[in-house]
Amino acid sequence: MVWSEKFVFFGSHDFSRRILAGLLAGGQQPALVISTISKPSGRKKIIEPTPVEVLAKNAQLPFVSIKSFKQSYPQELTQIQANFAILAAFNRLLPKSLLQLFPLGVINVHPSLLPLYRGPSPIQQAILDEQAVTGVTLIILDEEMDHGPIIAQEQLSLNYDDALTLFIRTADLAVNMLKLIVPDYLAGKIKPQIQDHSRATYTSLITKKSGQADFSWPAKKLDNMRRAYTPWPGLWTTWQGSILKFIKTTVSTEKNIKPGQVIWLNNSLLIGCGQNTALQIIELQQAGGRPQTAKDFINGHRSFLRTSLPS
RNA sequence: CGCGGGGUGGAGAAGUGGCAUCUCGCCUGGCUCAUAACCAGGAGAUCGCGGGUUCAAGUCCCGCCCCCGCAA
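All values derive from a computational prediction rather than experimental measurement.

**Observations concerning the pairing of strand S1 (residues 7-11)**
Here S1 lies mainly inside the structure; five of its five residues are buried. In this sheet, strand S4 (residues 84-88) lies alongside S1 in parallel orientation, the contact comprising five bridges. Its bridge partner lying in S4, Phe 7 is registered against Phe 84. Here three bridges tie S1 to strand S2 (residues 32-36), and the two strands are oriented parallel to one another.

This is the structure we're talking about:
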């Protein structure tokens, strides 16, 4: 059943793209899709379209990209006269005057159990904190980040997820929630609930440096980092002057390896960590190289054994 | 034209002008309480592609293709 009201979709990242794809598959067509323009980036310093832009153009949806809303709004946005909007991982705050363009508000998809994990890295932080459950919350945007009243919330149990798989699972859950909730919301059957702001927690922006390993930390923490920071920035250290990424790891049961010490034991590559623990490296990648198994890497780099990594 | 690393037997690496190397894997034989088993022998490479310089090019020069890191 197609929704009764016209809507605009805001999104930039692959998470957004996945949600938009889910909506389209369910027959919902936004009247307009809005995405951001990133700065020139990539190896060739080319401006690359966001995943949302690629999808919108393939689906031949009305599309406009913006740098910011500081100066003005795109004509399309004011002309369309949509009644509500859906926003997921858009990466820009919407000013109040823009929110007011939508009589029924802007529904924001946030991949956490708000008011927990507000901010830019809820998925990653839930993994770092070894949470047993996380979830998706739909809120009506207000002027503060992830602060508006809740219209729906669903839990999702965490297994040994990395951020990539968890992003996919939360996006899929979000699509199902939107399908169910939006019609009721448009019909006025849902009363938004104010968040308990006293319980709010916040996440911060992830940088390349966030993924840097310190082998004085316990193996479990390092393994959490590896999963939380997949695919970017990854868990990494430096060796022989360049970056070495640990693509796939697991916590070893071995003890008594000095923090930072690299050894080969029982056919596996181990690095000693803090609190008498060890991290097993299953797959790794050197700067400039493809990912390779621990064994392949060691065959070509015997000297990696018996070295000591920073801690 | 943002900066940088790389492409060498099946896998991973060394190799700055002079016999194609190392580790792993594979094959054959031997040894047998070794444990990343060991010993001996063996197969397997148009050194990413195209051109050039040279008596001689994996190596130097020019062009192209592909992979990756930084940075955003």
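We are not done yet, so read on.
**Some details on the pairing of strand S11 (residues 268-273)**
The element S11 is extensively covered by neighbouring structure, given that six of its six residues are classed as buried. Burial along S11 is two-sided: Ser 268, Leu 270 and Gly 272 facing one way and Leu 269, Ile 271 and Cys 273 facing the other are all buried. Turn length for the strand S10 (residues 262-265)-S11 hairpin, with the two strands adjacent in sequence and antiparallel, is two residues, and the turn residue Asn 266 shows positive phi of about 50°. Bridge count between S11 and strand S12 (residues 277-286): five bridges; the pairing is antiparallel. Bridge pairing links Ile 271 to Leu 279 in S12. Here S11 folds back onto S12 in antiparallel fashion, the turn holding three residues, of which Gln 275 has a positive phi close to 55°.

**A word on the protein's contact with RNA strand B**
Surveying the vicinity of RNA strand B reveals 25 residues, the closest of which are Arg 43, Lys 208, Gly 288, Asp 296 and Arg 302. Note that a phosphate oxygen of RNA strand B is positioned 3.3 Å from one of the side-chain N or O atoms of Lys 245. Within the contact set of RNA strand B, a base nitrogen lies 2.7 Å away from a backbone nitrogen or oxygen of Gly 288. Mapped onto the surface near RNA strand B, the elements with two or more residues apiece are strand S9 (242-252), S12 and helix H8 (294-300). When residues in the surface near RNA strand B are grouped by element, the largest group, four residues, is from H8. Of the residues belonging to the surface near RNA strand B, the class tally is seven nonpolar, nine polar and nine charged.

**Some details on the side chain of Thr 36**
Tracing the sequence through the fold places Thr 36 in strand S2. Owing to a relative accessible area of 7%, Thr 36 belongs among the buried residues under this scheme. One polar contact links Thr 36 to Ser 12, side chain to side chain, over a distance of 2.8 Å. The residues touching Thr 36, leaving out its near neighbours within four places in the chain, are Gly 11, Ser 12, Thr 50, Ser 65, Ile 66, Phe 90 and Arg 92.

**As for helix H7 (residues 219-228)**
A large share of H7 lies buried, amounting to eight of its ten residues. If you check which residues of H7 are buried, you get Ala 219, Leu 222, Asp 223, Asn 224, Met 225, Arg 226, Arg 227 and Ala 228.

**Thoughts on the nonpolar core**
Among the nonpolar cores identified, the biggest contains 68 residues, and Ile 19, Ile 86, Ile 107, Val 109, Leu 138 and Leu 178 are the most heavily contacted of them. If one sorts the elements of this core by residue count, helix H6 (residues 163-186) sits on top with twelve residues. Setting aside chain neighbours within four positions, we find Ile 107 in contact with Phe 84, Ala 85, Ile 86, Leu 87, Leu 138, Ile 139, Ile 140, Ile 151, Leu 178, Val 182 and Tyr 185. Counting residues in hydrophobic clusters, the runner-up holds 23 residues, among them Val 64, Leu 94, Leu 114 and Leu 141.

Calculation notes
- Residues numbered from 1 in each chain as written.
- Chains lettered and ligands numbered in written order.
- Predicted model: local features only at pLDDT ≥ 70, side-chain atom pairs only at ≥ 80, totals over all residues.
- Heavy atoms only, no water.
- Buried < 20%, exposed > 50% of the residue type's maximum accessible area, 1.4 Å probe, protein only.
- Helix = DSSP H or I, 4+ residues; strand = E, 2+ residues; numbered from the N terminus.
- Pairing = 2+ DSSP bridges.
- Near = heavy atom within 4 Å.
- Polar contact = N/O pair within 3.5 Å; in protein donor to acceptor, adjacent residues only side chain to side chain.
- Nonpolar A, V, L, I, M, F, W, Y, C, P; charged D, E, K, R; others polar.
- Contact = heavy atoms within 4.5 Å.
- Core = buried A, V, L, I, M, F, W, Y, C linked by side-chain atoms within 4.5 Å.

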